[in-house]
Amino acid sequence: MSEQSSALKTASNSGRQEPDGFLSGASPDDNFVQIVDVVKKFGETTAVRGMNLSVKKGELFALLGSSGCGKSTLLRMLAGFESVTEGQILIDGEELAKMPPYNRPVNMMFQSYALFPHMTVESNVAFGLKQEGVKGGELRDRVNAALELVQMAKFAKRKPHQLSGGQQQRVALARSLVKRPKLLLLDEPMSALDKQIRQRTQIELVNILDQVGVTCIMVTHDQEEAMTMANRLAVMSEGQIVQLGTPHEVYEYPNSRFSASFIGSTNLFDGNVVEDEPDHIFVESPDLPVRLYVSHGITGPLGMPVTISVRPERIALTRKPPEGTYNWGRGKISNIAYMGGYTLYHVTLDSGKTVVANLSSLAIGELDSPTFDDEVYVRWSASVGVVLTA
């Protein structure tokens, strides 16, 4: 994970997870938001299946998954826009089931921002407070404070169409925060921004939320966005949580082929266990001429089918055959993708398997700039592979 991503982590993310998604030995603040056995059905279709999850007070938590996985449905249930078919949702110990959306201690920032086009920036921010009966000096002070927080005070008299996409997003954030919600919901918060603005805005948004200290649940399909912004994240598929943890845990230690492939990119080698000890495992795979060696054991019988995941940045290329009898293969460079700060090399092995290696400019220079159809060897250390059994 990048240094920028690590620098953006503003809250403790060392909490250990029970299988049901609740924090072990947790204080009330650790279980500030509780989703308990939640099911949501639309007719015969089950969108969310027996969901259990706790979010800490002050945490920025991300729900990550592809379209149709149930993440937006869960967000809408938290907001009160969808009812819960089964189960409970609690915020700060308070059950939300019978509470209408306008009475919930929750605010939602929509993907489209949903600003009123005929109102000025300050009128947009003030709208929710006016609906609650806030007037006079308190109204002005709270609106001004919210606009100062997002650095939009000097644009208070402008209309939304006079603002850039990033500025509109800040106004939408100010409108969401001005009511001082216990929980802020973000629905694909960066999707309307281009990539360069999105990266800058991610940093700004995390800093603002850190200043306010609000608990936040964010829905996104963008893995980089979730990895960069969230203290913890849940990978969802088919209405269930597939894996939950810090970005580092989920990226470095995926628990399934789905997680390994969905979070970042990876190389997957299928094979069978031929040796399993407490401190290592050997796997034979038709993809390689040598065994795969991983420096941790598993619990399973010999012959058990497994998959070894190796991230592209952990793969090295060499011109000469590697020493040793494990974790290497020979092939030819079949594709090259220049990405600026690094280059992706696709190497088609003698077995027909394609392996992707992520090389820095320095590493490429040391290899004398390999190009299409060059014969090379891929290799990696025993400590970087992850054994997947699902």
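For the structure, check the block above.
Criteria and cut-off values
Residues numbered from 1 in each chain as written. Predicted model: local features only at pLDDT ≥ 70, side-chain atom pairs only at ≥ 80, totals over all residues. Heavy atoms only, no water. Pairing = 2+ DSSP bridges. Helix = DSSP H or I, 4+ residues; strand = E, 2+ residues; numbered from the N terminus. Contact = heavy atoms within 4.5 Å. Axes fitted to C-alpha atoms, helices over the stretch in contact; angles between N-to-C directions. Phe/Tyr/Trp six-rings, centres within 6.5 Å; stacked < 30°, edge-to-face > 60°. Lys NZ or Arg CZ within 6 Å of the ring centre and 35° of its normal. Disulfide = S-S within 2.5 Å. Buried < 20%, exposed > 50% of the residue type's maximum accessible area, 1.4 Å probe, protein only. Polar contact = N/O pair within 3.5 Å; in protein donor to acceptor, adjacent residues only side chain to side chain.

1. Some words on the sheet that holds strand E5 (residues 94–95)
Either a parallel or an antiparallel arrangement is found when strands of a sheet pair, and the pairing is made through backbone hydrogen bonds. Ordered in space as E2-E1-E4-E5, the 4 strands form an open sheet in which the pairing is antiparallel. A single partner strand is all that each edge strand has here, and the edge strands are strand E2 (45–55) and E5. Relative to E5, strand E4 (residues 86–91) is paired through 2 bridges, and the arrangement is antiparallel. Counterpart to Leu-90 in the pairing with E5 is Glu-95. Running over the sheet, helix H2 (residues 71–79) touches strand E1 (33–42), E2 and E4 and is turned about 115° from E1.

2. Here's the deal with the packing of aromatic side chains
The full count for this structure, using the stated rule, is 7 aromatic pairs. Arg-175 extends its terminal NZ or CZ atom over the ring of Phe-116, reaching a point 5.8 Å from the ring centre. Arg-311 extends its terminal NZ or CZ atom over the ring of Tyr-251, reaching a point 4.0 Å from the ring centre.

3. Some points on the environment of Glu-238
Relative to the helices and strands, Glu-238 is located in the loop between strand E9 (232–237) and strand E10 (240–245). Once the C-alpha coordinates of Glu-238 and Gly-70 are considered, the two residues, 168 residues apart in sequence, prove to be 6.7 Å apart.

4. Thoughts on the state of the cysteines
Within the structure shown, the criterion is met by 0 disulfides. Its sulfur unpaired, Cys-69 is 17 Å from the next cysteine sulfur, which belongs to Cys-216. Given a relative accessible area of 3%, Cys-69 falls into the buried group. Take Cys-216: its relative accessible area is 0%, and that puts it in the buried class.

5. Considerations on the side chain of Thr-266
Relative to the helices and strands, Thr-266 is located in the loop between helix H9 (257–262) and strand E11 (267–277). A distance of 2.7 Å separates polar atoms of two side chains, one belonging to Thr-266 and the other to Ser-309. Apart from the residues lying within four places of it in its own chain, the contact partners of Thr-266 are Ala-260, Ser-261, Ser-309, Val-310, Arg-311 and Pro-312.

6. Side note on the sheet that holds strand E6 (residues 106–109)
Strand order in this open sheet of 6 strands is E6-E7-E8-E3-E9-E10, and the pairing throughout is mixed. Two strands in the sheet have a free side with no partner beyond their single neighbour: E6 and E10. Sheet twist, expressed as the mean angle between neighbouring strand axes with direction ignored, is 20°. Alignment of E6 against strand E7 (residues 183–187), held across 4 bridges, turns out to be parallel. Counted as the bridge partner of Met-108 is Leu-185 from E7. The strands that H2 touches are strand E3 (60–64), E6, E7, strand E8 (215–220) and E9; relative to E7, the one it contacts most, it runs at about 145°. Set on the sheet, helix H5 (residues 165–177) makes contact with E6 and E7; between it and E6 the angle comes to about 170°.

Without other data, these values stay purely geometric and don't point to any function.
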